[in-house]
Amino acid sequence: TADARVVSAAPVGAALAAATTPDERVYVIWANAAVYWHADRAPAFRYLWYRGVELIPGAREDVRALFAGPAPPAAVAVYQEPDALDPTGTVARALAERYDRLPDVAGVPVYRLRRP
C-alpha cells in the first residue's frame, strides 16, 4: 500500500523505541495503532483510534487529563493536529511546554517528554 500511515509506521515506531525505554508508554495523536507494534511500547491511553477518542463519552477529557497530569506519555507521534480532537488546546500546550520536538520521521512530528 502507499497509505502514508502504513508506510510510516515502522520508522516512526523505531523512533519512539529509540527515544524511550521498554517500560515507558507512548502515544500516537490521534491514530496509527501499527506504530505501537513497531515501537514495541505500550500505549499511554486506552483508545487507539481517532473515532474512539472522538465519540466515546469522556475520552477527550481523559486524554487531556493524561497530557496535563503527572504521568504523560514518554514520547508522542503526531499524525493529526492535536486540536482536531482537543479544541481546548490542552494537548498542544502540553507538547509545547513539556516536550522536546525530535526530528520528524517520514513527515511525522515526534516528541520526547523532557526529563527532570
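Residues numbered from 1 in each chain as written. Predicted model: local features only at pLDDT ≥ 70, side-chain atom pairs only at ≥ 80, totals over all residues. Heavy atoms only, no water.

A.B. asks: Describe the pairing of strand E2 (residues 75-78), naming the residues involved and giving the relevant values.
C.D. replies: Burial of the side chains of E2 extends over both faces: Ala75 and Ala77 are buried on one face and Val76 and Val78 on the other. Here strand E1 (residues 26-29) pairs with E2 via 4 bridges, running parallel. By the bridge assignment for E2, Tyr27 is matched with Val76. Across 3 bridges, the pairing between E2 and strand E4 (residues 108-113) is antiparallel. Its bridge partner being in E4, Ala77 is matched across the sheet by Val110. (Buried < 20%, exposed > 50% of the residue type's maximum accessible area, 1.4 Å probe, protein only. Helix = DSSP H or I, 4+ residues; strand = E, 2+ residues; numbered from the N terminus. Pairing = 2+ DSSP bridges.)

A.B. asks: Quick one: what's the story with the sheet that holds strand E3 (residues 99-105), residue by residue and with numbers?
C.D. replies: If you trace the 4 strands from one edge of the open sheet to the other, you get E1-E2-E4-E3, paired in mixed fashion. Each edge of the open sheet carries a strand with a single partner, namely E1 and E3. For this sheet, the mean inter-axis angle between neighbouring strands, taken without regard to orientation, is 20°. (Axes fitted to C-alpha atoms, helices over the stretch in contact; angles between N-to-C directions.)

A.B. asks: Which residues make up the nonpolar core, and what values do they have?
C.D. replies: Counting residues in hydrophobic clusters, the biggest one holds 35 residues, and the most contacted among them are Tyr27, Ile29, Phe67 and Leu95. When contributions to this core are tallied by element, the ones reaching two or more residues are helix H1 (4-19), E1, helix H2 (33-39), helix H4 (59-68), E2, helix H5 (90-98), E3 and E4. Ignoring sequence-local partners within four residues, the contact set of Ile29 consists of Phe67, Val76, Ala77, Val78, Tyr79, Gln80, Pro82, Val91 and Leu95. (Core = buried A, V, L, I, M, F, W, Y, C linked by side-chain atoms within 4.5 Å. Contact = heavy atoms within 4.5 Å.)

A.B. asks: I'd like a rundown of unusual backbone geometry, residues and numbers included.
C.D. replies: One can expect most non-glycine residues to show negative phi and most peptide bonds to be in trans. Of note, the bond from Ile29 into Trp30 is cis; its omega dihedral lies within 30 degrees of zero at -15°. Structurally, Trp30 is set in the loop between E1 and H2. The phi dihedral of Asp40 falls on the positive side, at around 55°, and the residue is not glycine. Counting through the fold element by element, Asp40 comes out in the loop between H2 and helix H3 (50-55). Overall, the relative accessible area of 60% leaves Asp40 in the exposed class. Of note, the phi angle at Ala106 is positive, near 55°, even though the residue is not glycine. Among the secondary structure elements, Ala106 is positioned in the loop between E3 and E4.

A.B. asks: Go over H5, please, and point to the residues and values.
C.D. replies: All of the buried residues in H5 are Thr90, Val91, Ala94 and Leu95. On an axial view of H5, the arc spanned by its buried residues comes to 140°, and they lie on one face. With respect to the buried face of H5, the exposed residues turned more than 90 degrees away are Ala96 and Glu97. (Arc of directions from axis to C-beta.)

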